[in-house]
Amino acid sequence: MRMDVFTLLPEVMETYLHTSILGRAQTAGLLDVKLHNIRDYTTDRHRTTDDEPFGGGGGMVMKPEPIFAAVETILGSGLGEVPVILLTPQGRLFSQKVAMELSQLPRLALICGRYEGVDERIRQYLATDELSIGDYVLTGGEIPALTVIDAVARLIPGVLGDSEAMNKDSHTKGLLEHPHYTRPSNFRGWEVPEVLLSGDHGRIDAWRHQQSLKRTIIRRPDLLREAHLSEHDQAIIAKMIEDKEVRLEDEEKKKEKVKSKKWKMENGK
Ligand code: ADE
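Summary of the structure given here. What you see is a predicted model, and the numbers here were worked out from it, not measured in a lab.

## Examining the environment of Asp200
(1) Moving on: Note that Asp200 resides in the loop between strand S10 (190–191) and helix H8 (201–219).
(2) Moving on: The spatial distance from the C-alpha of Asp200 to the C-alpha of Gly158 is 29 Å, given a sequence separation of 42 residues.

Encoded structure:
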C-alpha cells in the first residue's frame, strides 16, 4: 500500500515510520510511505506556507497554493482516484472500522494541517475526506496522520507476525481485549489467574472471551451496542449481571489498590 503524506514537519514523522513494525513493513515492500515537505512547493523567496486570515482575527492560515501544487505534482494522473484525506479536528471520527476500510485501498494521500487551520478551498476542492482522531485539538495533523498510518498498516496482510495477528481480532470484533499476563506467574505476591496456567486451551479461550465481554460492559458499554453479539455472548452477559460480577469490578479495583498499598508499606516504598 502506498501512502503520500503532505506536511511541514516530515522530520517529526520520519523516525516513527522507520522503526519497529512500520519500518519492517516498508523494508518488506508491504507499505510505502512517502513524506513530502509542503514548503518545497512554495514559489516565493521566503518559502511562505501561511498567511493572515482574511477578515482579521488571530492566528495564521495555511495557504492553498503550495498544498495544491504538492498534491497535484505527486498524485499526477492519480488525482481524482486516490483518496486525499485532510487531518482536522472537524473531520469524521477515525475508528477501527475506518482503518479497516482504508486498509483495502492501494493508495491514499494525507494532508497535515498546522497553525489555526488550512484555507477552506483545500477542504472544498482538494480533499476528498476529512478525519479527526478525537475531540481535542492538537498543534498539527502529524500525530493524527501517524495514528491513521499505524492503525491502517497493521491491518495489511503480512504486516503483523502470526501471534500479533491473532490479537488483532478482538478489537476488530468491537470488544475490548482480555487482560494479558506474562512471567513471573507470581509477582510481589500477585498471582496470574489459575486458568491461564492450566494448559487447557478450551478453558483459556472461554475465560478470555468472558473477560473481554466483561471489560467492554464495564468500560465501554457504548461499544456493546455496536458489536454483533451471539446468543451465547448475550447469555454470558446476562449471567454476569445476574451473578453481580459486573458490579463487583469496582470492588476488585479497590482490593487491587489496597494490595498495592500493602506491598509498598511492607517494602518501604
Ligand atoms: N489536527 C489537530 N487536531 C486534530 C485532531 N484531533 N484530529 C485530526 N487532526 C487534527
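## Let's talk about the sheet that holds strand S4 (residues 61–62)
(1) Moving on: Spatial strand order, S3-S4-S7: three strands in an open sheet with mixed pairing. Unpaired on one side and paired on the other, strand S3 (50–51) and strand S7 (117–118) mark the two borders of the sheet.
(2) Moving on: Pairing geometry for S4 and S7, over two bridges, is parallel. Residue pairing for S7: Val61 is matched across the bridge by Gly117.

## Quick look at the site of the ligand
(1) Moving on: By nearness alone, every residue bordering the ligand is listed as Leu87, Thr88, Pro89, Leu131, Ser132, Ile133, Gly134, Tyr136, Val137, Leu138, Gly140 and Pro144.
(2) Moving on: Ile133 is positioned such that a nitrogen or oxygen atom in its backbone is 3.0 Å from a nitrogen atom of the ligand.
(3) Moving on: A distance of 3.0 Å is found between a nitrogen atom of the ligand and a backbone nitrogen or oxygen belonging to Leu138.
(4) Moving on: Expressed as a share of its isolated accessible area of 260 Å², the protein-covered part of the ligand is 96%.
(5) Moving on: If you list the elements that add at least two residues to the shell around the ligand, you get strand S5 (84–93) and strand S8 (129–132).
(6) Moving on: With three residues, the single largest contributor to the shell around the ligand is S5.
(7) Moving on: Tallied by class, residues from the shell around the ligand come to eight nonpolar, four polar and no charged.

## Examining the pattern of salt bridges
(1) Moving on: One pass over the structure, following the stated rule, counts 17 salt bridges.
(2) Moving on: The shortest N-O distance in the salt bridge between Lys253 and Glu256 comes to 3.2 Å. Of this pair, Lys253 and Glu256 are both found in helix H11 (residues 245–266), three residues apart, which corresponds to roughly one turn of the helix.
(3) Moving on: Lys262 serves as the salt-bridge partner of Glu266, at 3.9 Å between the closest nitrogen and oxygen. Placement of the pair is Glu266 and Lys262 together in helix H11, with a separation of four residues, close to one helical turn. For the pair Glu266 and Lys262, a shared accessibility class is recorded, and that class is exposed.
(4) Moving on: Residues joined in a network through salt bridges with shared partners are Arg2, Asp4 and Arg107.

## A short note on the packing of aromatic side chains
(1) Moving on: With the rule as written, the count across this model stands at two aromatic pairs.
(2) Moving on: When the ring of Phe187 is compared with that of Trp190, the centres are 5.9 Å apart and the planes differ by 70°; the resulting orientation is edge-to-face.
(3) Moving on: For Phe187, a relative accessible area of 43% corresponds to the partly exposed category.
(4) Moving on: Ring plane angle 55° and centroid distance 6.3 Å describe the contact between Trp190 and Trp263, whose orientation is recorded as tilted.

## Some thoughts on the environment of Ile149
(1) Moving on: Assignment of secondary structure puts Ile149 in helix H6 (residues 142–153).
(2) Moving on: For Ile149, a relative accessible area of 0% gives the class buried.
(3) Moving on: For the pair Ile149 and Ile38, spaced 111 residues apart in the sequence, the C-alpha separation amounts to 19 Å.
(4) Moving on: With near-sequence residues (within four places) excluded, Ile149 lies in contact with Met3, Val5, Met13, Leu17, Leu22, Val33 and Leu110.

What counts as what
- Residues numbered from 1 in each chain as written.
- Predicted model: local features only at pLDDT ≥ 70, side-chain atom pairs only at ≥ 80, totals over all residues.
- Heavy atoms only, no water.
- Helix = DSSP H or I, 4+ residues; strand = E, 2+ residues; numbered from the N terminus.
- Pairing = 2+ DSSP bridges.
- Near = heavy atom within 4 Å.
- Polar contact = N/O pair within 3.5 Å; in protein donor to acceptor, adjacent residues only side chain to side chain.
- Areas by Shrake-Rupley, 256 points an atom, 1.4 Å probe, with all protein chains shown as cover.
- Nonpolar A, V, L, I, M, F, W, Y, C, P; charged D, E, K, R; others polar.
- Salt bridge = Lys/Arg side-chain N within 4 Å of Asp/Glu carboxyl O.
- Buried < 20%, exposed > 50% of the residue type's maximum accessible area, 1.4 Å probe, protein only.
- Phe/Tyr/Trp six-rings, centres within 6.5 Å; stacked < 30°, edge-to-face > 60°.
- Contact = heavy atoms within 4.5 Å.

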